[in-house]
Amino acid sequence: MLITDRVPEKTEGRWLLLIHQIPPKPNYFRVKVWRRLQRLGAVAIKNSVYVLPFSDQTQEDFQWVLREIFAEGGEASICEAHFVEGLSDEQVEAMFHAARDADYAQIAEEAQQLAGELPSAARLDRDQRNRFDAEVAKLRRRFSDVAGIDFFGAPGSDTTDALLAGLEARLKDKASTGTAAERSPGHAERLLGRVWVTRRGIHVDRIASAWLIRRFIDREARFKFVANKGYRPETGELRFDMFDAEFTHEGDCCTFEVLLRRFGLEDLALRPIAEIVHDIDLKDSKFERQEALGLDRLIAGIAMAHKEDEVRMARGSAVLEDLYEYFRRRPR
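All values derive from a computational prediction rather than experimental measurement.

**Student:** Just to check I follow, could you spell out the packing of aromatic side chains for this structure?
**Tutor:** The geometry of an aromatic ring pair comes down to the distance between the two centres and the angle between the two planes. By the definition in use, this model includes 14 aromatic pairs. With a centroid separation of 5.8 Å and 55° between ring planes, the pair formed by Trp 15 and Phe 152 is classed as tilted. Highlighted residues: Trp 15 in strand β1 (residues 15-21) and Phe 152 in the loop between α4 (126-148) and α5 (156-175), separated in sequence by 137 residues. For the pair Trp 15 and Phe 152, a shared accessibility class is recorded, and that class is buried. Ring geometry for Tyr 326 and Phe 327: centres 5.1 Å apart, planes at 65°, overall edge-to-face. Classification of Tyr 326 as partly exposed rests on a relative accessible area of 46%. Residue classification places Phe 327 among the buried residues on the basis of a relative accessible area of 1%. An aromatic cluster of at least three residues, connected via ring pairs, comprises Trp 15, Phe 83, Phe 96, Phe 151 and Phe 152. The aromatic ring of Phe 132 is capped on one face by Arg 131, whose charged end is 4.6 Å from the ring centroid.

**Student:** Hey, could you run me through the sheet that holds β1 in this one?
**Tutor:** In spatial order, the strands read β2-β3-β1-β4; together these 4 strands make up an open sheet with antiparallel pairing. Unpaired on one side and paired on the other, β2 (43-46) and β4 (75-81) mark the two borders of the sheet. Here the strands of the sheet are splayed against their neighbours by 30° on average, with no regard to which way each runs. When β1 meets strand β3 (residues 49-53), the two strands line up antiparallel, connected through 5 bridges. The residue of β3 that forms the bridge with Leu 16 is Leu 52.

Conventions and cut-offs
- Residue positions are given per chain, counting from 1 as you read along its sequence in written order.
- The model is predicted, so local features are restricted to residues of pLDDT at least 70 and side-chain atom pairs to those at 80 or more, both for listing and for counting; the totals for chains, interfaces and linings are taken over all residues.
- Values shown for side chains rest on all heavy atoms present in the structure; no hydrogens or waters enter the calculation.
- When two rings of Phe, Tyr or Trp (its six-membered ring) have centres within 6.5 Å they constitute a pair, described as stacked for plane angles under 30 degrees, edge-to-face for angles over 60, and tilted for the intermediate range.
- A run of H or I in DSSP becomes a helix once it reaches four residues, and a run of E becomes a strand once it reaches two; helices and strands are each numbered from the N terminus.
- Per-residue accessibility, obtained with a 1.4 Å probe over protein chains only, is compared with the maximum for each type, and a residue is labelled buried under 20%, exposed over 50%, and partly exposed between these values.
- Remark: a charge is flagged as sitting over a ring if the NZ atom of Lys or the CZ atom of Arg is within 6 Å of the ring centre and within 35 degrees of the ring normal.
- Paired strands, as defined in this entry, are two strands with at least two bridges between them according to DSSP.
- Axis angles are defined between N-to-C directions and span 0 to 180 degrees, where every axis is a line fitted to C-alpha atoms and, for a helix, only to the segment in contact.

Interpretation note: all reported values are geometric properties and have no functional meaning in isolation.
See the structure below:
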């Protein structure tokens, strides 16, 4: 999930309001202001009243809009606000979620359409590759733009990011099959005590992948949780379930499934866990695992109760360890 740094909690003045009155002429100016506010990520709470979470940057953004409105003969005010009655902070956050989810959904729809156009041939010719690379890069830039104004981490971010990562992985596979060393099970022998990096705000695929890494791939693994946008890995670090990672979605496989394949993990008890994680993460009901709903609710509860990624990982790993034991011991 590409998520920007969270806006700090404030008990007073958590929000900024821009209240404006725009002259009826010229007609284009009202549309210009509306588009500018959309690009800033502002949400309309009523006609001519827009809200952003309070920060130095959002205050500056509103000030530039205010100057434009003044320059065209309009009126505008910027207010530091705290909702007392009527709208609650949670309802305002939900409005931001809805706005960003709509943006993510549009990108996801175009990514799925592009994936459907991708030829089934093992390799693409140069013109095809250039075309698909350009289209995917354009979608990724749009995703980054939306993530930049996703102040509260809308749920649609993870799914859209996964779709784009899968599309990027498919293009990479069609350009090169990779080296044997990258995909051989023996590669795991050289992974001991490495730093494994993933995005903050871990959820089901990242929690399950972290458990899998420490349990079966690198028992001395250390984990680092970072902002996906702009992170540059240090020497020796391995990234998973994030943009341009060494281990992330490939095609219609989630990161957990990719790790299983890349490291040649053939433990039969891991297969149903992979299918459950896939169904939750990609939401495509590919395997129709009846256990998916239960694990989904458990992981969601862990995420709601604990903001710290280390705690989420520990509690999720305990659940997955018991689930693994069930599949390992059950009669076949």
